[in-house]
Amino acid sequence: YVVLHDPELKTLLLRERGFSTFMDCYQCLYERAERVSYSLPAGASIRPLDQGHAGFVHAHYQTVDDEGYIRERIEAGMFGVFFGETPAGFIGTHDERSIGLLKILPDYRRRGLAFALEAHMINHSLRIGRRVFGQVSVDNAPSLALQKKLGMTISKSVITWVERP
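Basis of the calculations
Residues numbered from 1 in each chain as written. Predicted model: local features only at pLDDT ≥ 70, side-chain atom pairs only at ≥ 80, totals over all residues. Heavy atoms only, no water. Axes fitted to C-alpha atoms, helices over the stretch in contact; angles between N-to-C directions. Helix = DSSP H or I, 4+ residues; strand = E, 2+ residues; numbered from the N terminus. Parallel < 35°, antiparallel > 145°, perpendicular 65-115°, else oblique. Left-handed = near helix turned anticlockwise from the far one by under 90°. Contact = heavy atoms within 4.5 Å. Nonpolar A, V, L, I, M, F, W, Y, C, P; charged D, E, K, R; others polar.

Colleague: Got a minute to help me understand the packing of helix α4 (residues 113-127) against helix α5 (residues 141-149) in this structure?
Modeller: Describing two packed helices takes the angle between their axes plus the distance from one axis to the other. Put simply, α4 and α5 touch, their axes get as near as 11 Å, and they point 55 degrees apart. As the angle between them shows, α4 and α5 are arranged oblique. Here the hand of the crossing between α4 and α5 comes out right-handed. Across from Ala114, Phe115 and Glu118 in α4, the residues of α5 making contact are Leu146, Gln147 and Lys149. Grouping the amino acids of the contact of α4 with α5 by side-chain chemistry returns 3 nonpolar, 1 polar and 2 charged.

Colleague: Looking at this structure, I do not really get the environment of phenylalanine 79. What am I missing?
Modeller: Considering the arrangement of structural elements, one finds phenylalanine 79 in strand β4 (residues 79-83). Here the alpha-carbon distance between phenylalanine 79 and histidine 124, two residues 45 residues apart in the chain, equals 10 Å.

Colleague: What am I meant to see in the environment of glycine 52 here?
Modeller: Within the secondary structure layout, glycine 52 lies in the loop between β3 (44-48) and α2 (54-60). When the C-alpha atoms of glycine 52 and proline 41 are compared, they prove to be 25 Å apart, with 11 residues separating the residues in sequence.

Dropping the structure here:
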């Protein structure tokens, strides 16, 4: 993958170099030093994932179809939200440390779990001294709304992830 910030370069790579667009995104940045407050519904908990969860994450995260990558991201520090021992969703960071890989299973949506998971990841990132940022598809209105609710600043310009088929 290549990340582009220049629309002219995107045109050149797509037209003359055989690349295709993987995703157009807005950059999101958490510029605050304070942690994000959140709560969980009764019976829910957030805890680190381990390699035993790799199959679950791989089965439910459609953006990347590479179980090896999922295993790397779990090793780098992914979190899951659980009801008892039942996983309801997960979040992690990508290679470049952007927050992502966020997924809440359909039966558990509309309970504030995405907010809680991302707030937890923001707080974790702040605790270990990382810059908190992410990239959200321009077509993902629910995630863009979540970023705003979490206090993220969203860029006006678009970046493009391109790939060679």
